[in-house]
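Results of the structural survey
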Protein chains: 4
Amino acid sequence: MELDLQQYSVRTDLAVDSREMAAKQYPDSIPGVDEEVSDKDGIKITRLNVLTDEGSQAIGRVKGHYVTLEVPGLRNGDTGLQERVTEAFAREFEDFLTLIGIQKKDTVLIVGLGNWNVTPDSLGPLVVENVLVTRQYFELMPDQVAPGYRQISAIAPGVLGITGIESSEIVQGIVERTKPDLIIAIDALASRSLERVNTTIQIADIGIHPGSGIGNKRRGLTKEVLGVPCIAIGVPTVCYASTIVNNVMEMMKQHFGKETNQTREIMGLLNNISENERLALVKEVLEPLGHDLIVTPKEIDEFIEDIANIVASGLNSSLHDAVDTGNSGAFTH
Amino acid sequence: MELDLQQYSVRTDLAVDSREMAAKQYPDSIPGVDEEVSDKDGIKITRLNVLTDEGSQAIGRVKGHYVTLEVPGLRNGDTGLQERVTEAFAREFEDFLTLIGIQKKDTVLIVGLGNWNVTPDSLGPLVVENVLVTRQYFELMPDQVAPGYRQISAIAPGVLGITGIESSEIVQGIVERTKPDLIIAIDALASRSLERVNTTIQIADIGIHPGSGIGNKRRGLTKEVLGVPCIAIGVPTVCYASTIVNNVMEMMKQHFGKETNQTREIMGLLNNISENERLALVKEVLEPLGHDLIVTPKEIDEFIEDIANIVASGLNSSLHDAVDTGNSGAFTH
Amino acid sequence: MELDLQQYSVRTDLAVDSREMAAKQYPDSIPGVDEEVSDKDGIKITRLNVLTDEGSQAIGRVKGHYVTLEVPGLRNGDTGLQERVTEAFAREFEDFLTLIGIQKKDTVLIVGLGNWNVTPDSLGPLVVENVLVTRQYFELMPDQVAPGYRQISAIAPGVLGITGIESSEIVQGIVERTKPDLIIAIDALASRSLERVNTTIQIADIGIHPGSGIGNKRRGLTKEVLGVPCIAIGVPTVCYASTIVNNVMEMMKQHFGKETNQTREIMGLLNNISENERLALVKEVLEPLGHDLIVTPKEIDEFIEDIANIVASGLNSSLHDAVDTGNSGAFTH
Amino acid sequence: MELDLQQYSVRTDLAVDSREMAAKQYPDSIPGVDEEVSDKDGIKITRLNVLTDEGSQAIGRVKGHYVTLEVPGLRNGDTGLQERVTEAFAREFEDFLTLIGIQKKDTVLIVGLGNWNVTPDSLGPLVVENVLVTRQYFELMPDQVAPGYRQISAIAPGVLGITGIESSEIVQGIVERTKPDLIIAIDALASRSLERVNTTIQIADIGIHPGSGIGNKRRGLTKEVLGVPCIAIGVPTVCYASTIVNNVMEMMKQHFGKETNQTREIMGLLNNISENERLALVKEVLEPLGHDLIVTPKEIDEFIEDIANIVASGLNSSLHDAVDTGNSGAFTH
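Presented here is an overview of the structure given in this document. Quick caveat, the model's predicted, so the values are computed rather than measured. (Residues numbered from 1 in each chain as written. Chains lettered and ligands numbered in written order. Predicted model: local features only at pLDDT ≥ 70, side-chain atom pairs only at ≥ 80, totals over all residues. Heavy atoms only, no water.)

1. Description of the overall build of chain A
Counting secondary structure elements, chain A contains twelve helices and nine strands. Burial statistics for chain A: of 333 residues in total, 62% are counted as buried. Pairs at least 24 apart in sequence give 74% of the contacts found in chain A among residues at least 6 apart. By element, 47% of the accessible surface of chain A is carried by carbon and sulfur atoms, the whole surface being about 12,900 Å². (Helix = DSSP H or I, 4+ residues; strand = E, 2+ residues; numbered from the N terminus. Buried < 20%, exposed > 50% of the residue type's maximum accessible area, 1.4 Å probe, protein only. Contact = heavy atoms within 4.5 Å. Areas by Shrake-Rupley, 256 points an atom, 1.4 Å probe, with all protein chains shown as cover.)

Okay, here's the thing in structure tokens:
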């Protein structure tokens, strides 16, 4: 019995990665895609709305709303910046709830996907541990719940290799019994570029679409499957070796493209092949040797903890009126 | 809003504790209760079958089968003994499955109750991480599963204070979707006596009955609730301060009862009150001061890991014919 | 070879415990001992100066200064209280430095005693991880160190069972090479009473005196041994089962002593024996059975983390003028 | 004050990496370097003796003995293979002790370098926790130590960013007080190639030479500094992004060099620059952007634990005659 333990499955789906890849064809704007970018105090926020099927095809993303926060400075462990990012994330998330029509009274189930024993995959479970859950009080002593709190529950379902059950099946079972109005799913992603790892947070109302999992039996966490809307919060925590290489080749092209010397010639031929062809080339070399490893920065233990705190504190203050980012720390540990 | 986080809930239900408490009234045998004790190589095994309502009332336990392994030597971290206990537990558990009519083809959901962040309450989640789950292969590539493996899934649902959802509701949701034939629930217990903490494993076919939880809305994990049989595996990992005190007073009574001196007099009056009255007395003193803490031996980190390995390895070899205690280590991590 | 791994050694030496035990003989004041108690906002601070040999004998403590913070509310995980305790501890510690004549320019080595793998013994190593060390900058780029920072180094030497070397020998070796002006040693203690566990911090200028260790070869961390003053910061994190029992008996005596009923009689005879005789009695019962376990509250994981943060943040702001409790969090992780 | 916390410092010094880099100039043998390679059961062992200054210069390594075990299969978590590697490592280490003249009676200090909070840098501290230390028994009860045990002590000194003190200073202090005959230093390394990460163990009698640390004040762990021989055991656990890229380019060159198509042309120009020039090129692109991150495979948590067990068990059985790899597990936890 050759068992693939399947303790980890990576989805590569940052909308900003897709936007970047579509930039060659659509340098200015993509038809059917609204785009808005702000960049202040080291926090770059990109809001992409994929409105039409045409836009969806052009950018290679399903229709929906995507908000991305990019904060390269997070790599330096600056506590002041972390607080500003928490506030920005809380503000964006609250706006996002309004944008997609979530009401103050709507109940929420937070789903922390991933494996708490694999550091770069432990973001979801860590967020679950740090969000303020209240459903038990609404159930057991509803008249004693103070105003300003929303009914929240949370679950870290574990990964297929540990449970033997698809996360989506576990969540469906819980949704059927507890009837939340909204799912918020937190997940670790793979990024196309190493510099986005641990510095980027994406909010999207498209749910979680399973990647290239085994067979076609794998189910996602989407409105179609669950019957309620699902917001996905994704943070890239890993990178394929092949995409690092590919990305560097692209950077070399740009770097030496600007200069006039013999090195330009060296990289010249790379211009003749498309990015996808080049990636295929790299994979052709790496895969048979088992070298296309998924890697993560060595500081991952600290990064994951910092980002989980940002997401959990941001969710606490945007979901409960009675909590703001100043005091939300009090409810996390 | 006065929120009791309810991150921990202790059940005091070792059948051997109950047997001991009933010993005064029934020194030899309890009507309606079959009892069989073996003691070999430092492993004491007690098999109690509570057969009738009369027996149930006499011993203070619901009707069902109870097997308890007591191994005081586990406190010393002896690896050889740990291996012998693993084998004994595997043998007892396999016999137990036969006793209650579980077939080789029956599918199993293992439920690890408790909180992975509170060391003495992390036994269930630790066992879940270390059992061999196979359901994904039966689902995704059924024709490739080797003979000798049973279909197993596993879940650590988390505690009410973290999830806002009763464990029993989460498990019910999963049972409804995945239709296992048997539930095995692993749980940390409170013991009456400090010396049973981390040295005792109980197997019982009575499921999990919620303790004195908030209100009467809390549900258990029982055949009535889940529709399938539920075997509970319990290990005492904590003790109330009050039961330690009470237990010591009992030991002092016995100790000095045998001697002939003035100290006998000191303890004399304690004979005049029943154990329950004495416990009430101790609680009367401790509780208002907030002193009736739940405590655990300081070596709890190591104990929990050792016991989790014993239970996980024992389950692996008793549930899968293709695994024995010699090789089961290969499937745990 | 019968090896006692000696991975843990407990010292029972809270001065407030000693004060309490001496209370029967000296209800008001102890000759040769100055005492000052304040109690505000849930933080009780006791300052004891044992000035003379007579005082030392009366209270059973070596001559020196002892400051104890008792905060029963710490058991409830209240973040606001934790911040107030951090400030109080920082203030007391700064005063303590002045009291014993430590100058702003004096360099410090912080020693975190204990075993990072045994949760209730991991306080010292946790504090070491969270204090702001600066010695490397003074050594490698002295002209770039901003004003307001003191030269600090830190070490967690490990325990005898892990290293095979007495902590004091390791520290002596480091002191000889790095020549600090002051040692601050952080250590987990055993308390006489369960309610002081995890709610009490003691500062004393007496160093660390080894307990009843094996043989008489064990050395302490004292000015005599190290050649520089040593401040010990101790937090009780464990309790012997026997002292819990003894303590409860004492509370029962007091409780029922005030009432007039038959229960008074039950406890009456306990009055006839001294506390030490009673403790000996309890140990006589527990020890041969191996029942005199050292225990810790089940919430120890969270308690240890909270207290370590309080001590580390308090040290950071009292040792560096440039750091205050408002911003010291920025330097801890 | 701009503080570089310096919590991690990587040394790139696998002798097999150096051998590989020298292969172009010395395809068969290197003058002044003895080389012996065996490859059996998936374990490749390379024994390199750098005998002369000429050899040292040719291979770019200091004179000394280097033994490397390469086991690509370790990436798959196969427990059987792990046991065989433990045996092979123990055998090689025992031979190595003989080779460099270590006697049965010689006492040993094991030094676990690195930071236990940064997973890929925690190898040293993890090994220290799992080796059998005995020095305390030789000190405290020398007549009770059974034959077949060597006097061993162990220390995990921590990293400069945590302690403010160079590891070498801490170790020197301890060496001066405890007078061991041999130091064994365990350290995590950076590798030139991603596939060697977590699959390679190097034994060398050259001690630890500090890398490109801050200034020239940093000291190593060498016989010159410590006065006793120092064996370094190194395991690569991380890789620079730049070396991954460079390595892949090399693989692409070789891959497409064998084929006859247009892609050969694409890579053709890369042949015209040396490996070092190419690496400089890659760094020129990555560094200004802060992209030359140090990365580690995402499965690092499990890999580190497995390798630490192999090294600790191997050391236990090769250092103590009374321990073999069959029973050495009993002394590790």
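Anyway, onward from the coordinates.
2. Digging into helix α4 (residues 123-130) of chain D
With seven of eight residues buried, α4 of chain D lies mostly within the body of the structure. Residues of α4 of chain D that are buried in the fold lie against α6 (160-163) of chain C together with β4 (108-112), β5 (152-155), β6 (182-191), β8 (230-240) and α12 (300-319) of chain D.

3. Topic: the packing of helix α4 (residues 123-130) of chain C against helix α12 (residues 300-319) of chain C
All names here are of chain C. At their nearest, the axes of α4 and α12 sit 9 Å apart, and the two run at 45° to each other. The angle between the axes of α4 and α12 places the two elements in the oblique class. Of the two elements, α4 crosses α12, and the hand of that crossing is right-handed. In this structure, α4 uses L123, L126, V127 and N130 to contact α12, whose residues at the interface are I304, I307, A308, N309, V311, A312, L315 and N316. Along the lines of polarity and charge, the residues of the contact of α4 with α12 split into nine nonpolar, three polar and no charged. (Axes fitted to C-alpha atoms, helices over the stretch in contact; angles between N-to-C directions. Parallel < 35°, antiparallel > 145°, perpendicular 65-115°, else oblique. Left-handed = near helix turned anticlockwise from the far one by under 90°. Nonpolar A, V, L, I, M, F, W, Y, C, P; charged D, E, K, R; others polar.)

4. Considerations on the packing of aromatic side chains
One pass over the structure, following the stated rule, counts six aromatic pairs over all chains. Centre to centre, the rings of W116 of chain A and W116 of chain B are 4.4 Å apart; their planes meet at 10°, and the pair counts as stacked. Note that W116 of chain A is positioned in the loop between β4 (108-112) and α4 (123-130) and W116 of chain B in the loop between β4 (108-112) and α4 (123-130), a pairing that runs across two chains. Each ring, one from F89 of chain C and one from F93 of chain C, has its centre 5.9 Å from the other, and the planes form 35°; the classification is tilted. (Phe/Tyr/Trp six-rings, centres within 6.5 Å; stacked < 30°, edge-to-face > 60°.)

5. Overview of the relation of the copies chain C and chain D
Copies of the same chain, two in number, are related to each other by a rotation about an axis and a translation along it. Least-squares fitting of chain C to chain D yields an RMSD of 0.0 Å, with the superposition described by an axial translation of 0.0 Å and a rotation of 180°. Taken together, these values place the two copies in the relation of a two-fold axis. Identified as the residue of chain C closest to the rotation axis by C-alpha distance is G173 of chain C, at 2.0 Å. When the interface residues of chain C are mapped onto chain D, 98% of them again lie at the interface, so the same face is used by both copies. (Least-squares fit on C-alpha atoms with pLDDT ≥ 70 in both.)

6. Considering the interface of chain C and chain D
Between chain C and chain D, the contact holds 43 residues from the first and 43 residues from the second. Approximately 4,100 Å² of surface area, both sides summed, lies buried where chain C meets chain D, with 61% of it carried by carbon and sulfur atoms. Taken together, chain C and chain D are joined by four salt bridges. Close ionic contact of E169 of chain C with R135 of chain D constitutes a salt bridge, the shortest N to O distance being 3.4 Å. If you look at where chain C meets chain D, you find twelve residue pairs in polar contact (both at pLDDT 80 or more). Only α4, α5 (135-140), β5 (152-155), α6 and α7 (167-178) of chain C provide two or more residues apiece to the side of chain C that touches chain D. (Buried area = accessible area lost by both parts, 1.4 Å probe. Salt bridge = Lys/Arg side-chain N within 4 Å of Asp/Glu carboxyl O. Polar contact = N/O pair within 3.5 Å; in protein donor to acceptor, adjacent residues only side chain to side chain.)

7. Details of a negative patch on the surface
Together, E302 and E305 of chain A together with E302 and E305 of chain C give the surface a local cluster of negative charge. Contributions of two or more residues to the negative patch are made by α12 (300-319) of chain A together with α12 of chain C. Mapped onto the elements of the fold, E302 of chain C is located in helix α12. (Patch = residues over 30% accessible without salt bridge, like charges linked within 9 Å, V, L, I, M, F, W, Y side chains within 5 Å. Lys, Arg positive; Asp, Glu negative; His and termini not counted. Charge placed at Lys NZ, Arg CZ, Asp CG, Glu CD.)

8. Let's talk about the side chain of T200 of chain C
All names here are of chain C. Checked against the element boundaries, T200 lands in strand β7 (residues 200-204). Exposure remark for T200: the relative accessible area of 0% places this residue in the buried category. At a separation of 3.0 Å, a polar atom in the side chain of T200 contacts the main-chain carbonyl oxygen of R196. Looking at T200, its side chain comes within polar contact range of the side chain of T199, at 3.4 Å.

9. Quick notes on the pattern of salt bridges
Charged atoms that come close allow side chains of opposite charge to pair. This model, assessed by the stated rule, comprises 48 salt bridges over all chains. With a shortest N-O distance of 2.8 Å, E176 of chain C and R177 of chain D are connected by a salt bridge. Taken together, the residues span two chains, with E176 of chain C in helix α7 and R177 of chain D in helix α7 (residues 167-178). On the basis of relative accessible area, R177 of chain D is assigned to the partly exposed category, the value being 24%.

10. Quick look at the pairing of strand β2 (residues 43-50) of chain C
Consecutive residues of a regular strand have side chains that alternate between opposite faces of the sheet. All names here are of chain C. Alignment of strand β1 (residues 33-40) against β2, held across eight bridges, turns out to be antiparallel. Each bridged residue has a counterpart across the sheet, and for K40 the counterpart in β2 is I43. The turn joining β1 and β2, which pair antiparallel and follow one another in sequence, is formed by two residues; a positive phi near 55° is taken by D41. Direction of pairing for β2 relative to strand β3 (residues 64-70): antiparallel, over a ladder of seven bridges. Directly across from I45, in β3, lies its bridge partner L69. (Pairing = 2+ DSSP bridges.)

11. Regarding unusual backbone geometry
With the exception of glycine, most residues fall at negative phi, and the peptide bonds are largely trans. In this model, N198 of chain A sits at a positive phi of 65°, which is unusual for a non-glycine residue. Checked against the element boundaries, N198 of chain A lands in the loop between β6 (182-191) and β7 (200-204). For N198 of chain A, a relative accessible area of 2% gives the class buried. Even without a glycine there, the phi angle at K179 of chain D is positive, about 50°. Along the chain, the position of K179 of chain D falls in the loop between α7 and β6. In this structure K179 of chain D comes out as exposed when scored by relative accessible area, which is 58%.

12. Things to note about the pairing of strand β6 (residues 182-191) of chain B
All names here are of chain B. Of all the ten residues making up β6, ten are buried; the element is thus mostly covered by neighbouring parts of the structure. Side chains L182, I184, I186, A188 and A190 of β6 all project onto a buried face; the interleaved residues I183, A185, D187, L189 and S191 project onto the opposite face, where all are buried too. The sheet contact formed by β6 and strand β8 (residues 230-240) spans nine bridges and is parallel. From the neighbouring strand, I183 faces β8, where its bridge partner is C230.

13. Observations regarding the side chain of D17 of chain A
Residue and element names in this part refer to chain A. As for its position among the elements, D17 is in helix α1 (residues 15-21). Take D17: its relative accessible area is 3%, and that puts it in the buried class. Within polar-contact distance, the side chain of D17 engages the side chain of R196 at 2.4 Å. Ignoring any residue separated from it by four or fewer positions in sequence, one finds D17 in contact with S191, R192, S193 and R196.

14. Let's talk about the packing of helix α3 (residues 79-99) of chain D against α12 of chain D
Residue and element names in this part refer to chain D. The geometry of α3 relative to α12 is characterised by a closest axis approach of 8 Å and an angle of 45° between their N-to-C directions. Looking at the two axes, α3 sits oblique to α12. The handedness of the crossing between α3 and α12 comes out as right-handed. Contacts between α3 and α12 involve Q82, V85, T86, F89, A90, F93, E94 and L97 from the former and D306, I310, V311, S313, G314, L315, S317, S318 and L319 from the latter.

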